[in-house]
Amino acid sequence: MEELDLLKKDWKKNQNFREVSEKEIYTMLHKKSSSIVKLILIISVLEVAFWFLIGFLFDSEQYFKKLNNPYLVDFFNVFTIINYLVIAVFIYIFYKNYKNICVVSSTKNLMKSIIKTRKTVNYYIWYNLGMIIIGTILGFALAFNTDPNLMKLTEHNDSVFYIALIICFVSIVVMVGLFWLFYKLLYGILLKKLFKNYNELKKIDL
Amino acid sequence: MSNELEKSFVSQLKENQNIIHKICRLYTHDDDEHNDLFQEITIQLWKAFPKFRGESKFSTWAYRVALNTAITLYRKSTKSISTIEFETGRHFIPQEEYNYEEEEHIKLLYKAVHQLNDIEKALVFMYLEDKDYTEIAETLGISEVNARVKMNRIKTKLKQIINP
């Protein structure tokens, strides 16, 4: 007899499990889920909140106003509006993808939809990091071209400018590196099982 | 209304709870994990229940949700199997025609199945439950032909684990 058929014989015979009562089931219904999807949702909400707060903390509007340059203030306002639009679009797409996660779909599709939802958040994070890099570079250029204090400093001595440039560059690299590492670790741990099983499923159909 | 829904769900789940127990038996290694996964599957079934229209049998629908929860949604990482002695004994009720050799062999088989990966376990589970290849393929989202091929490979793999 085939091994699995031998197992099947026993499998059918041995179905005596401890019976879970209706009362116990009722209690379970009101317990909180600890599924990966729930966790991804919580982390994603925290991430959006985090980047939103960062945006508020590094409010450069005051600085621009102080420089008294109306073009800069306009530029900054357009920039802010675009940023809010992107956040709105992102939240919409995330919500749509999240709602598409359906536990009744096939295992492969379920995994795909979870990965897609997760990717939406990743794009948002890369967008934010990109914006920070662009913002820093723009801010740097603007500051040395328009801030009278800085211009005075660099008037006779170029080294101040180069030192500031190096510090700026190193900070960007370190910051992006740290974020990259953090996400690699976080999602490496969180999604390891999911990716492993997803690849296993994909391999079957190769 | 929601009370009615809850009542109908609880009674149907109680009737069909063996499906969940059986999945827990394959995917967990001790009673604590078994209960934990049982609870998570119950929660996922309850969350999906309002969309269950009765187009299929409750049991067919529950199979899918339960398997998906065990493979994909359940978060507790499976501990390394080699260090855990899976206690098959707790599932065994001594039979009248007691066959020691066969029982030992079956114990080994259960252990071997526990060494398979999550996807292979799902295929074995559906095989043991007499599901046809159309349903196995549909549930996992793979093609029927490849489901058959994979099943044959699993059979070979099991043989190798038992007789290295």
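Looking at an unreviewed UniProt entry, one finds chain B named RNA polymerase sigma-70 factor, ECF subfamily, with Flavobacterium terrae as its source organism. The UniProt entry for chain B carries the following comment under Sequence similarities (unreviewed entry): "Belongs to the sigma-70 factor family. ECF subfamily."

Undergrad: Help me out: how do you make sense of the nonpolar core in this one?
TA: Looking at soluble globular proteins, one finds that nonpolar side chains tend to be buried together. All names here are of chain B. With 89 residues, the main nonpolar core has Phe9, Tyr27, Leu45, Trp61 and Leu140 as its most contacted residues. Here the element with the most residues in this core is helix α4 (residues 58-73); it accounts for 10 residues. Built from parts of two domains, this core gets at least three residues from each of domain 1 (1-77) and domain 2 (80-164).

Undergrad: Would you mind showing me how to read the packing of helix α6 (residues 118-128) of chain B against helix α8 (residues 144-162) of chain B here?
TA: Relative placement of two packed helices is described by the angle separating their axes and the distance separating the axes. Residues and elements named next belong to chain B. For the pair α6 and α8, the least separation of the axes is 10 Å and the interaxial angle reads 95°. Comparing the axis directions of α6 and α8 gives the class roughly perpendicular. Here Glu120, Leu123, Val124 and Tyr127 of α6 come into contact with α8, specifically with Ala147, Lys150, Met151, Ile154, Lys155 and Lys157. Looking at the contact of α6 with α8, its residues break down into six nonpolar, no polar and four charged.

Undergrad: Would you mind going over the UniProt feature "domain: RNA polymerase sigma factor 70 region 4 type" (unreviewed entry) in chain B with me for this structure?
TA: Here the UniProt feature "domain: RNA polymerase sigma factor 70 region 4 type" (unreviewed entry) sits at residues 108-158 of chain B. End-to-end, the C-alpha atoms of residues 108-158 of chain B are 10 Å apart, and along that stretch the chain is 80% helix and 0% strand.

Calculation rules
Residues numbered from 1 in each chain as written. Chains lettered and ligands numbered in written order. Predicted model: local features only at pLDDT ≥ 70, side-chain atom pairs only at ≥ 80, totals over all residues. Heavy atoms only, no water. UniProt positions renumbered as here; feature names shortened; annotations may be inferred. Core = buried A, V, L, I, M, F, W, Y, C linked by side-chain atoms within 4.5 Å. Buried < 20%, exposed > 50% of the residue type's maximum accessible area, 1.4 Å probe, protein only. Helix = DSSP H or I, 4+ residues; strand = E, 2+ residues; numbered from the N terminus. Domains from an automatic or database assignment. Axes fitted to C-alpha atoms, helices over the stretch in contact; angles between N-to-C directions. Parallel < 35°, antiparallel > 145°, perpendicular 65-115°, else oblique. Contact = heavy atoms within 4.5 Å. Nonpolar A, V, L, I, M, F, W, Y, C, P; charged D, E, K, R; others polar.

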